[in-house]
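Below are the chains, spelled out letter by letter.
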2 protein chains.
Amino acid sequence: MQNRQPTEKSDPVTITLTDRLFDTLQRAIVEGEIQSGSKISEPELARQHGVSRGSLREAIGRLEARKLVERKPNLGARVVTLSYEQLIEIYQVREALEGMAARLAAQNMSDREIAELQSLLDEHGRQIEEVHGEAYFQKQGDLDYHYRIVQGSKNRHLIGLLCNDLYHLLRMYRFQFGMRSKRSRQAYDEHHYLLNAIAARDPEMAELLMRQHIRSSRRNVEKMLLEN
Amino acid sequence: MQNRQPTEKSDPVTITLTDRLFDTLQRAIVEGEIQSGSKISEPELARQHGVSRGSLREAIGRLEARKLVERKPNLGARVVTLSYEQLIEIYQVREALEGMAARLAAQNMSDREIAELQSLLDEHGRQIEEVHGEAYFQKQGDLDYHYRIVQGSKNRHLIGLLCNDLYHLLRMYRFQFGMRSKRSRQAYDEHHYLLNAIAARDPEMAELLMRQHIRSSRRNVEKMLLEN
DNA sequence: TGAGTAAAATGTGTCGACACTTTTAAAAAG
DNA sequence: CTTTTTAAAAGTGTCGACACATTTTACTCA
């Protein structure tokens, strides 16, 4: 008897046409390929991707749920318009949700997960040394780190909200506002303090540090955008 | 020249078939008319409501976005199954988000809104006197109160998450778990303290009080469900 | 020439039909 | 009678078509 799927009951992971389309469009929107604020023509997009309008419509519906497009009856869908105000709002929501995530992570992350995150962080540290605090870290590393903390909360609602809804919107801003941070060294340190609090199983402190971390991240963004 | 619509640019508020269907189904699910955990047959539901499957499908998609139904490819949609664990998770998310909402409300609510909320609260107080702390308050009054605070945050993301996504799921639990609170007097008092903090424009205190309020509300639910 | 109107073109909302998948029921094998 | 195989039924995913709404274009009249 050979090795098959892991012991889990493997539901046949069917990927529907709408699924693929949704992923494609989401990526295109996040990366600015489809311009922010632009109108979406159903017939045209459907033709471009070789699918029927029905399938496209469902995909657009999901994008709407993630607040990447806005839709008005009979007028059609537009890609959301990015704004400074909205970005601040997102940071406020993140502060609340990720603060709670950190609190719960301090209670619920397994020792193994904490150890893995520790190595990930060490890896980041090395990269910062190398490139002297350059871009890569903030761009992907930061997201990875936050992603793991959120997962560590084990709260599926929280995870869904942050990793499905907000995550992509935030990525969209990072892409299109060119938000490379000049404080990766400081962010790295903050990540360390936070992880220590989690490892010490101190929920109160973990939440506090996460909120501070996101707040300074927000201030950094504010400064950066005002220069512009 | 006669009075017309208020000065706002009145986009023709067209209500699409899918919209109506969505509202109907949402109500039915929240109130338990369509049983929690039950499978949804598209052809049957479509026939019952006299619409095509396409429209129904879009409505189901929106319900899925609000986490009122779960969908698996080729297997169809089911109404979510309510669970104790999930309810706790929702309270944790609420604590984070509404805490932030209260903080922002202390900064952003207008004096007028605060005054109105004050009268609403007085009204509640009278009702509690009358019926000696009976059901009505917790059921609708509590929701109204929280709703206004959230609106007062002026953060559209926060408002969307709480008033669109979470609100109905929470109502579903209240309906189906028969969650009438025996602590309406205490809740009323807590509402008062919180409003005072908001009126004093003290964000820190407002957040603290809101979080405490939701936490005790959660503890109350825990107790109630363990008795059962 | 320009404001207003009519008509064409485009776009969205809704529907019914068909292909393929899953579930149920019936038949066959042990 | 239980288990396996096969066939029917029901259900979901996807499509193309049509009705109505909105936008654009062409035309009329001042």
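A short tour of the structure in this document, coming up. (Residues numbered from 1 in each chain as written. Chains lettered and ligands numbered in written order. Predicted model: local features only at pLDDT ≥ 70, side-chain atom pairs only at ≥ 80, totals over all residues. Heavy atoms only, no water.)

Left-over empty space is what a probe sized like a water molecule reveals as it rolls over the atoms. Residue and element names in this part refer to chain B. For the structure on display, the rule yields eight cavities of 30 Å³ or more. Its volume calculated, the largest cavity comes out at about 130 Å³. Taken together, Arg94, Glu98, Leu143, His146, Tyr147, Val150, Leu162, Cys163, Leu166, Tyr167 and Leu170 form the lining of the largest cavity. Of all elements in the fold, only α4 (84–108), α6 (135–152) and α7 (156–176) reach the threshold of two or more residues within the lining of the largest cavity. Its residues placed into classes, the lining of the largest cavity shows eight nonpolar, one polar and two charged. A volume near 110 Å³ is recorded for the second largest cavity. (1 Å grid on protein atoms, 1.4 Å probe; cavity = no way out; pocket = protein on both sides within 12 Å on 5 of 7 lines; lining within 4 Å. Points joined across faces, edges and corners; volume = space filled by probe spheres on them. Helix = DSSP H or I, 4+ residues; strand = E, 2+ residues; numbered from the N terminus. Nonpolar A, V, L, I, M, F, W, Y, C, P; charged D, E, K, R; others polar.)

Of the volumes computed, that of the second largest pocket is approximately 350 Å³. Taken together, 13 residues make up the lining of the second largest pocket; nearest its centre are Glu204(A), Leu208(A), Arg211(A), Glu204(B) and Arg211(B). Where the lining of the second largest pocket is concerned, the elements lending two or more residues are α9 (203–227) of chain A together with α9 (203–227) of chain B. A per-element tally of the lining of the second largest pocket places α9(A) first, with six residues. Of the residues that constitute the lining of the second largest pocket, the class distribution is two nonpolar, one polar and 10 charged.

Moving on, we get to the protein's contact with DNA strand D. DNA strand D sits among 19 residues. The nearest are Thr16(A), Leu17(A), Ser52(A), Arg53(B) and Arg57(B). The sugar-phosphate portion of DNA strand D accounts for 71% of its atoms within 4 Å of the protein, the bases making up the rest. Here Thr18(A) contributes a side-chain N or O atom positioned 3.2 Å from a phosphate oxygen of DNA strand D. Elements with a minimum of two residues in the surface near DNA strand D: α1 (17–30) and α3 (53–65) of chain A together with β1 (39–40), α2 (42–49) and α3 (53–65) of chain B. Here the residues of the surface near DNA strand D are counted per class, giving six nonpolar, eight polar and five charged. (Near = heavy atom within 4 Å. Polar contact = N/O pair within 3.5 Å; in protein donor to acceptor, adjacent residues only side chain to side chain.)

With that out of the way, let us pick up the relation of the copies chain A and chain B. For these two chains of identical sequence, chain A goes onto chain B by a turn of 180° and a shift of 0.0 Å along the axis, with RMSD 0.0 Å. In short, the pair behaves as if placed about a two-fold rotation axis. When each C-alpha of chain A is compared by its distance to the rotation axis, Ala96(A) comes out closest, at 2.6 Å. Most of the interface of chain A is mirrored in chain B: 100% of its interface residues are interface residues there too. (Least-squares fit on C-alpha atoms with pLDDT ≥ 70 in both. Contact = heavy atoms within 4.5 Å.)

What follows concerns the protein's contact with DNA strand C. Surrounding DNA strand C, one finds 19 residues, the nearest of these being Arg53(A), Arg57(A), Thr16(B), Leu17(B) and Ser52(B). The contact atoms of DNA strand C, taken as those within 4 Å of the protein, divide so that sugar and phosphate hold 71%. Thr16(B) is positioned such that a nitrogen or oxygen atom in its side chain is 2.5 Å from a phosphate oxygen of DNA strand C. Between Ser55(B) and DNA strand C, the recorded distance is 3.0 Å, taken from a side-chain N or O atom to a phosphate oxygen.

So, on to the pattern of salt bridges. Side chains that differ in sign of charge can pair as their charged atoms come close. One pass over the structure, following the stated rule, counts 45 salt bridges over all chains. In this structure, the salt-bridge partner of Glu123(A) is Arg126(A), at a minimum N-O distance of 2.8 Å. In this pair, Glu123(A) and Arg126(A) both sit in helix α5 (residues 111–131), three residues apart, roughly one turn of the helix. Owing to a relative accessible area of 48%, Arg126(A) belongs among the partly exposed residues under this scheme. Between Arg201(B) and Asp111(B) there is a salt bridge, and its shortest N-O distance comes to 2.8 Å. With Arg201(B) in the loop between α8 (184–199) and α9 and Asp111(B) in helix α5 (residues 111–131), this residue pair connects regions lying 90 residues apart in the sequence. Note on Arg201(B): relative accessible area 32%, which makes it partly exposed. Within the structure, one salt-bridge network assembled from shared partners comprises Glu95(A), Arg103(A), Glu204(A), Glu207(A), Arg211(A), Arg215(A), Glu95(B), Arg103(B), Glu204(B), Glu207(B), Arg211(B) and Arg215(B). (Salt bridge = Lys/Arg side-chain N within 4 Å of Asp/Glu carboxyl O. Buried < 20%, exposed > 50% of the residue type's maximum accessible area, 1.4 Å probe, protein only.)

This part takes up the side chain of Arg94(B). Residues and elements named next belong to chain B. With respect to the helices and strands, the residue arginine 94 is situated in helix α4. On the accessibility criterion, arginine 94 (4% relative accessible area) is buried. Apart from residues no more than four positions distant in its own chain, arginine 94 is found in contact with Gly99, His146, Leu166, Leu170, Arg174 and Ile214.

All names here are of chain A. Where strand β2 (residues 69–72) lies against strand β3 (residues 76–79), four bridges are found, and the strand directions are antiparallel. Counterpart to arginine 71 in the pairing with β3 is alanine 77. In textbook terms, the turn of a hairpin is the stretch between consecutive antiparallel strands, and for β2 and β3 this stretch comprises three residues, one of which, asparagine 74, has a positive phi near 70°. (Pairing = 2+ DSSP bridges.)

A few words now on helix α1 (residues 17–30) of chain B. All names here are of chain B. In this model, α1 (14 residues) spans 20 Å end to end at C-alpha, consistent with the 20 Å of a helix rising 1.5 Å per residue. Residues of α1 that are buried include every one of Thr18, Asp19, Leu21, Phe22, Leu25, Gln26, Ala28, Ile29 and Val30, and no others. Immediately downstream of α1, the backbone of glycine 32 shows phi near 80°, a positive value. (Expected span 1.5 Å × (residues − 1).)

Moving on, we come to the sheet that holds β2(A). All names here are of chain A. Taking strand neighbours across the sheet as the criterion, the three strands line up as β1-β3-β2 in an open arrangement whose pairing is antiparallel. Strands with a single pairing partner mark the edges of an open sheet, and in this sheet they are β1 (39–40) and β2. Summarising the sheet, β1 and β3 pair through two bridges and their orientation is antiparallel. Residue pairing across strands places isoleucine 40 opposite alanine 77, the latter belonging to β3.

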